[in-house]
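Reading the structure
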Amino acid sequence: MTVFWIMTALMAALAGLLVLAGARRGDAEGELVTPAVASAELSELDRLKARGLLDEAGWTVARAEAGRRILSARRDTAPVVAGGRDRVWVLGGVMTAVAAALGLYLLIAAPGLPDQSYERRVEEWATRLDTLQPPQIAAVVAREVEQRPDDYQALTMLGVARSGAGDPIGAVSAFRRAAALQPDDAGASSRLGQSLVRVNGGAVGADAEAAFRRALEIDPGQGSARYFLGEAALARGELAMAREMWAPLIAALPAGDPDRAGLEARLAGAGS
């Protein structure tokens with residue numbers, strides 16, 4: 001709180017200094033147009049017209065333009081003169097505003113209440129999971145993982161929560177730990193591969209491909225692993241490998257299914 005009051009005093013002093021500096025500077029400088037200068041300019045236009053050097057249309061346009069310029073210019077005003085007690089009134093007004101703001105703060109705020117820690121907020125979020133945003137859900141699950149670091153289900157939930165919160169790198173970390181705990185779980189390896197694909201912007205990199213191959217070794221029926229391995233094969237131009245990966249997927253889909261038609265079309269397009 002001491003730091004708060006020191007900063008408040010400094011900000012109040014700075015505000016007073018700025019107000020006084022502005023008052024001392026006075027009116028902003030600009031183009032000065034005196035009545036005599038304006039009258040001479042308009043008279044010169046009239047003389048040019050009388051001598052035939054300006055026709056009626058040109059004189060009208062020139063006079064209108066001169067009038068607009070004169071109206072937009074700063075008029076000759078009396079210089080700003082600061083009175084002897086003006087500084088006292090300005091400083092008094094600033095201090096009154098500061099005192100009123102502090103009084104309102106003390107009336108409706110709680111200056112002695114410490115900031116709520118992040119851990120306390122996470123505890124509060126855990127009591128109302130149905131109202132949380134994805135990042136908050138991920139924070140709650142992360143706290144559970146801290147308490148149970150070797151819990152496979154908790155790590156899997158953390159990976160899913162971080163994926164929903166738009167944190168693919170955090171999801172990869174969680175799924176990698178889950179796959180290490182359950183190295184014979186095809187689903188764990190497949191989820192790790194899918195998170196690596198998201199981190200890589202949709203491309204199946206070497207790490208993701210290794211995770212999918214591990215999933216397929218454990219369970220040849222892993223559809224997601226087959227799909228992404230087919231994607232990787234197509235990207236390398238390995239049509240035979242892509243057909244091998246996608247053939248079971250196509251056979252499992254009913255005729256007329258849009259996904260089946262899409263896979264068949266991609267294979268046909270790659271072979272043409």
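Above this text you will find the structure in question.
1. Section: the nonpolar core
- Leu158, Leu192, Val197, Val204, Ala208, Phe212 and Trp246 are the most contacted members of the largest nonpolar core, which has 39 residues in total.
- For this core, the secondary structure elements donating two or more residues are helix 6 (134-147), helix 7 (152-164), helix 8 (168-181), helix 9 (186-199), helix 10 (206-218), helix 11 (223-235), helix 12 (239-252) and helix 13 (258-271).
- Not counting residues up to four positions away in its chain, the partners in contact with Leu158 are Ala138, Val141, Ala142, Val145 and Ala174.
- Ranked by size, the runner-up nonpolar core spans 5 residues in total, among them Val122, Trp125, Leu132 and Val140.

2. Quick word on the side chain of Arg226
- As for its placement among the helices and strands, Arg226 is situated in helix 11.
- Buried Arg226, no salt bridge; nearest opposite-charge side chain is Glu244, N-O distance 6.0 Å.
- With sequence-adjacent residues up to four places away left out, Arg226 is seen in contact with Leu216, Pro220, Glu244, Met245, Trp246, Pro248 and Leu249.

3. Some thoughts on the pattern of salt bridges
- Throughout the structure, instances matching the rule amount to 10 salt bridges.
- Among the salt bridges present, the one from Arg266 reaches Glu231, with a minimum N-O distance of 2.6 Å. With Arg266 in helix 13 and Glu231 in helix 11, this residue pair connects regions lying 35 residues apart in the sequence.
- Here Glu238 ties to Arg236 by a salt bridge, and the two come within 3.2 Å at their closest N and O atoms.

4. Topic: a nonpolar patch on the surface
- The grouping of Ile6, Met7 and Leu10 at the surface amounts to a nonpolar patch, some 300 Å² of accessible area in total.
- When you line up the elements, Met7 lands in helix 1 (residues 2-25).

5. A word on the side chain of Gln222
- Positionally, Gln222 belongs in the loop between helix 10 and helix 11.
- Gln222 gets classed as buried once you look at its relative accessible area, which sits at 16%.
- Excluding anything up to four places from it in sequence, Gln222 contacts Ala186, Gly187, Ser190, Ala215 and Leu216.

6. Concerning helix 6
- Helix length check: helix 6, at 14 residues, gives a terminal C-alpha distance of 20 Å against a target of 20 Å (1.5 Å per residue), a fit within 8%.
- Within helix 6 the residues assigned to the buried category are Ala138, Ala139, Val140, Val141, Ala142 and Val145.

What counts as what
Residues numbered from 1 in each chain as written. Predicted model: local features only at pLDDT ≥ 70, side-chain atom pairs only at ≥ 80, totals over all residues. Heavy atoms only, no water. Core = buried A, V, L, I, M, F, W, Y, C linked by side-chain atoms within 4.5 Å. Buried < 20%, exposed > 50% of the residue type's maximum accessible area, 1.4 Å probe, protein only. Helix = DSSP H or I, 4+ residues; strand = E, 2+ residues; numbered from the N terminus. Contact = heavy atoms within 4.5 Å. Lys, Arg positive; Asp, Glu negative; His and termini not counted. Salt bridge = Lys/Arg side-chain N within 4 Å of Asp/Glu carboxyl O. Patch = residues over 30% accessible without salt bridge, like charges linked within 9 Å, V, L, I, M, F, W, Y side chains within 5 Å. Areas by Shrake-Rupley, 256 points an atom, 1.4 Å probe, with all protein chains shown as cover. Expected span 1.5 Å × (residues − 1).

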